[in-house]
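# Working through the structure, step by step
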Amino acid sequence: MKNIVLYKSKYGNTYQYASWIAEELNWEIRDFSKFKKNEIKNYQNIIFGSGVYMGKMNKLKKALNWFKDKPIIIYACAGNNNVEKDIEHIKNTNFTEQQIAFHKFFYLPGGVDFTKIKGIFKMMLNVFRKIMEKKKDKTADEKAILEGFTNPTNFVDKKHIESIVAYAKQL
Ligand SMILES: Cc1cc2nc3c(=O)[nH]c(=O)nc-3n(C[C@H](O)[C@H](O)[C@H](O)COP(=O)(O)O)c2cc1C
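## Focus on the pairing of strand β2 (residues 28–31)
Remark: a regular strand shows side chains that alternate across the two faces of the sheet. Looking at chain direction, strand β1 (residues 2–8) and β2 are connected through four bridges and run parallel. When the sheet's bridge partners are listed, Val5 is paired in β2 with Ile29. Between β1 and its parallel partner β2, the chain crosses via helix α1 (residues 13–25), and the hand of that crossover is right-handed.

## With respect to the domain arrangement of the chain
In terms of domain boundaries, the chain breaks down into domain 1 (2–113 + 154–169) and domain 2 (114–151). The gap between the C-alpha centroids of domain 1 and domain 2 is 26 Å. Taken together, the contact pairs seven residues of domain 1 with eight residues of domain 2. Taken together, the links from domain 1 to domain 2 amount to zero salt bridges. For the interface between domain 1 and domain 2, the tally reads two residue pairs in polar contact (both at pLDDT 80 or more). When the residues that make up the side of domain 1 that touches domain 2 are grouped by side-chain class, the tally is four nonpolar, no polar and three charged.

## Describing α1
Count 3.6 residues to each turn of an α-helix, and residues three or four apart come out pointing the same way. Compared with the 18 Å implied by 1.5 Å per residue over 13 residues, the 18 Å span of α1 between its first and last C-alpha is a close match. The set of residues buried in α1 consists of Asn13, Thr14, Tyr17, Ala18, Ser19, Trp20, Ile21, Ala22 and Leu25. At the exit of α1 stands Asn26, carrying a positive phi of roughly 60°.

## Some remarks on the layout of surface pockets
Roughly 1,300 Å³ of volume is contained in the largest pocket. As for the largest pocket, its lining consists of 38 residues, of which Ala78, Gly79, Asn80, Val112 and Phe114 are closest to the centre. Breaking the lining of the largest pocket down by element, the ones donating at least two residues are α1, β3 (43–53), β5 (73–78), α3 (84–94), β7 (111–112), α5 (119–134), α6 (140–150) and β8 (153–154). In terms of residue count, α6 provides more of the lining of the largest pocket than any other element does, five residues in total. Residues of the lining of the largest pocket, tallied by class, amount to 17 nonpolar, 15 polar and six charged. Lining the lining of the largest pocket are residues from two domains, each supplying at least three of them: domain 1 (2–113 + 154–169) and domain 2 (114–151).

## Section: the packing of aromatic side chains
Counting across every chain of the model gives eleven aromatic pairs. Ring centres 5.5 Å apart and planes at 75° place the aromatic pair Phe95 and Phe105 in the edge-to-face group. In this pair, Phe95 sits in the loop between α3 and α4 (97–102) while Phe105 sits in strand β6 (residues 104–109), placing the two residues ten residues apart along the sequence. Looking at Phe95, the relative accessible area reads 9%, which means it is buried. Feature note: the residues Phe32, Phe35, Tyr43, Phe48 and Trp66 constitute an aromatic cluster, connected by ring pairs. Above the face of the Tyr53 ring, Lys10 is positioned so that its terminal group lies 5.3 Å from the ring centre.

## Focus on the environment of Asn42
Inspection of the secondary structure assignment puts Asn42 in the loop between β2 and β3. In sequence terms Asn42 and His89 are 47 residues apart; their C-alpha atoms lie 33 Å from each other. When residues no more than four places from it in sequence are discounted, the contact partners of Asn42 are Met1 and Lys2.

About the cut-offs
- Residues numbered from 1 in each chain as written.
- Predicted model: local features only at pLDDT ≥ 70, side-chain atom pairs only at ≥ 80, totals over all residues.
- Heavy atoms only, no water.
- Pairing = 2+ DSSP bridges.
- Helix = DSSP H or I, 4+ residues; strand = E, 2+ residues; numbered from the N terminus.
- Right-handed = clockwise from strand over helix to strand, strands pointing away.
- Domains from an automatic or database assignment.
- Contact = heavy atoms within 4.5 Å.
- Salt bridge = Lys/Arg side-chain N within 4 Å of Asp/Glu carboxyl O.
- Polar contact = N/O pair within 3.5 Å; in protein donor to acceptor, adjacent residues only side chain to side chain.
- Nonpolar A, V, L, I, M, F, W, Y, C, P; charged D, E, K, R; others polar.
- Expected span 1.5 Å × (residues − 1).
- Buried < 20%, exposed > 50% of the residue type's maximum accessible area, 1.4 Å probe, protein only.
- 1 Å grid on protein atoms, 1.4 Å probe; cavity = no way out; pocket = protein on both sides within 12 Å on 5 of 7 lines; lining within 4 Å.
- Points joined across faces, edges and corners; volume = space filled by probe spheres on them.
- Phe/Tyr/Trp six-rings, centres within 6.5 Å; stacked < 30°, edge-to-face > 60°.
- Lys NZ or Arg CZ within 6 Å of the ring centre and 35° of its normal.

Structure (structure tokens):
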């Protein structure tokens, strides 16, 4: 039986991790949008990774529906550098307790480059930025977010795939 890494990535960070993981495990790799539901039976082990935008993991709803009877490995890639409370928030807003217990979840730190953002997201972020800039007593988090508008952050590093690769190897 075959194994595959499926990814959904807008800005490339989730894809970067998917390609490192697939290379390390010698598994197939494919964009989730090019994967068909009736192919699931051909694969023994599956990893699904996607980026987090406005709190939500991209295409996760569809993946959870497709894999409701087959446990898979799921990773989220978002803008924080392994901040525990942000990872908990991602888990709580995207999964039920049963889903988290059924599948295996990992978090991989991505990054944000606001200059690459286009369209509706850009408009929303500009409104958000203006509101935040006007705020008087900014928290450390808010200051860091504002800094991010001018200084891109990037926490992507191959070392972060160690736990997910170790877990997949012992399946
Ligand atoms: C419009 C937008 C919204 C985002 N919202 C969140 C968020 O709610 N929480 C978070 O931790 N990161 C957030 N991020 C950061 C992304 O998750 C991060 O850029 C990640 O690397 C995206 O994966 P990708 O490069 O594969 O597209 C956001 C980024 C953008 C561009």
